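Close look at the chain arrangement
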Amino acid sequence: MTGTALLEVKDLRIAYGKIEAVKGISFTVHTGQVVTLIGTNGAGKTTTLRTLSGLLTPLAGTIHFDGRPITGIPAHRIVALGLAHSPEGRHIFPRLTIAENLQLGAFLRKDTHGITQDIQRAYDLFPILGERAKQAAGTLSGGEQQMLAMGRALMSRPKLLMLDEPSMGLSPIMMQKIMTTIAELKANGTTILLVEQNAQAALTLADQGHVMETGTIALSGTGAELLHNESVRKAYLGED
Ligand code: ATP
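First things first, this report covers the structure right here in the doc. Keep in mind the model is a prediction, meaning the values are calculated, not measured.

Reading the values: rules and limits
- Residues numbered from 1 in each chain as written.
- Predicted model: local features only at pLDDT ≥ 70, side-chain atom pairs only at ≥ 80, totals over all residues.
- Heavy atoms only, no water.
- Helix = DSSP H or I, 4+ residues; strand = E, 2+ residues; numbered from the N terminus.
- Rg over C-alpha atoms; globule rule 2.2 N^0.38 Å.
- Buried < 20%, exposed > 50% of the residue type's maximum accessible area, 1.4 Å probe, protein only.
- Areas by Shrake-Rupley, 256 points an atom, 1.4 Å probe, with all protein chains shown as cover.
- Lys, Arg positive; Asp, Glu negative; His and termini not counted.
- Charge placed at Lys NZ, Arg CZ, Asp CG, Glu CD.
- Pairing = 2+ DSSP bridges.
- Axes fitted to C-alpha atoms, helices over the stretch in contact; angles between N-to-C directions.
- Contact = heavy atoms within 4.5 Å.
- Near = heavy atom within 4 Å.
- Polar contact = N/O pair within 3.5 Å; in protein donor to acceptor, adjacent residues only side chain to side chain.
- Nonpolar A, V, L, I, M, F, W, Y, C, P; charged D, E, K, R; others polar.
- Salt bridge = Lys/Arg side-chain N within 4 Å of Asp/Glu carboxyl O.
- Core = buried A, V, L, I, M, F, W, Y, C linked by side-chain atoms within 4.5 Å.

Structural notes on the overall build of the protein chain
Summing up its helical and strand segments, the protein chain has ten helices and ten strands in all. Here the C-alpha radius of gyration of the protein chain, 17 Å, is about what a compact globule of 240 residues would show, namely 18 Å. C-alpha extents for the protein chain along the principal axes are approximately 45 × 40 × 40 Å. Of all 240 residues assigned to the protein chain, the portion counted as buried reaches 50%. Accessible area of the protein chain: about 11300 Å², with a carbon and sulfur share of 53%. Averaging the coordinates of the 22 positive side-chain charges in the protein chain and doing the same for the 21 negative ones gives two points 8 Å apart.

Structure follows, in structure tokens:
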């Protein structure tokens, strides 16, 4: 891959007190790519995304986004630079309406017309959100809430969209719908860093993948390479 990386993570180490959850990882994301981090529970994937978003401060290492260092910058400034995060567990506001939840995703923007257009785009991407725009978000199913979380993250018009476990807890049909939407976003040129337990689906979509194991990157490759890798197939794709 040539050109400057949109996101460049180098030797990143992150600890909770004395426990080091991420032990020196490096990877890059280029504009237009889908890059996935896969791995078992507790491997450090969520911790990594939360640090990239500015919610956690790393022990060591550097993060460059869009050509500038962002290590240690507060979360709201990182969103303003174009890095959006759809968190694990969605964290939508259940008592606010769907439309209000989407508007909150644009909290740093002042272009009312652009915001209205982008809300419409979210409704085009996920028609159920438009049909139920005035209902409380808490009435949505888990999969629909995931759509709302993704729609909300897109409302900041991010240069990089980070999705943490978008398929978690969803029915196979809903999971398929979410994965199809991620493929559509990719086709439209959205750059995505995807954390997934569903390795098959994530690697099928991804240009690049990294397998995280206990705080390190154990293996990296293209999505296709990892899908065909014997140890990945045994450990993550349920093959003997
Ligand atoms: P999961 O899919 O379960 O979220 P993950 O790969 O995203 O897995 P993390 O959630 O990043 O893993 O967790 C990495 C390690 O850090 C785990 O050992 C976890 O127990 C620990 N950890 C996570 N959050 C905290 C916290 N708030 N305080 C202390 N330890 C934590």
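Some words on the sheet that holds strand β9 (residues 208-213)
Reading across the sheet, the six strands line up as β6-β7-β8-β3-β9-β10 and stay open at both edges, with mixed pairing between neighbours. Edge positions in the open sheet fall to β6 (83-86) and β10 (216-222), since each of these has one partner strand only. Put simply, the sheet's adjacent strands are angled 15° from each other on average, direction ignored. As defined by bridge partners, β9 adjoins β10 across six bridges and the pair is classed as antiparallel. Residue pairing in the sheet places His210 in a bridge with Ser220 of β10. In this fold helix α6 (residues 142-154) packs onto β6 and β7 (160-164), with an angle of close to 170° to the strand it touches most, β6.

Some words on the site of the ligand
In the vicinity of the ligand, 13 residues are found, and the nearest of them are Gly42, Gly44, Lys45, Thr46 and Thr47. Separating an oxygen atom of the ligand from a backbone N or O atom of Gly42 is a distance of 2.8 Å. In the complex, 59% of the free accessible area of the ligand, which totals 630 Å², lies under the protein chains. The dominant element in the shell around the ligand, judged by the number of residues it contributes, is helix α1 (residues 45-52), at three residues. Tallied by class, the residues present in the shell around the ligand amount to three nonpolar, seven polar and three charged.

Regarding the side chain of Lys45
Following the sequence through the fold, Lys45 ends up in helix α1. It turns out Lys45 is buried and unbridged, and the closest side chain with the opposite charge, Glu165, is 4.5 Å from it. Looking at Lys45, its side chain comes within polar contact range of the main-chain oxygen of Gly39, at 3.0 Å. The residues touching Lys45, leaving out its near neighbours within four places in the chain, are Leu37, Ile38, Gly39, Thr40, Glu165, Val195, Glu196, Gln197 and Met212.

A word on the nonpolar core
Counting residues in each nonpolar core, the largest one holds 48 residues, and the members touching the most others are Leu129, Leu148, Leu161, Ile182 and Ile192. Setting aside anything within four residues of it in sequence, one finds Leu161 in contact with Ala84, Ala153, Leu154, Leu185, Thr190, Thr191, Ile192 and Leu193. Of all hydrophobic cores here, the second largest spans 26 residues; its members include Ile70, Ile78, Leu81 and Leu83.

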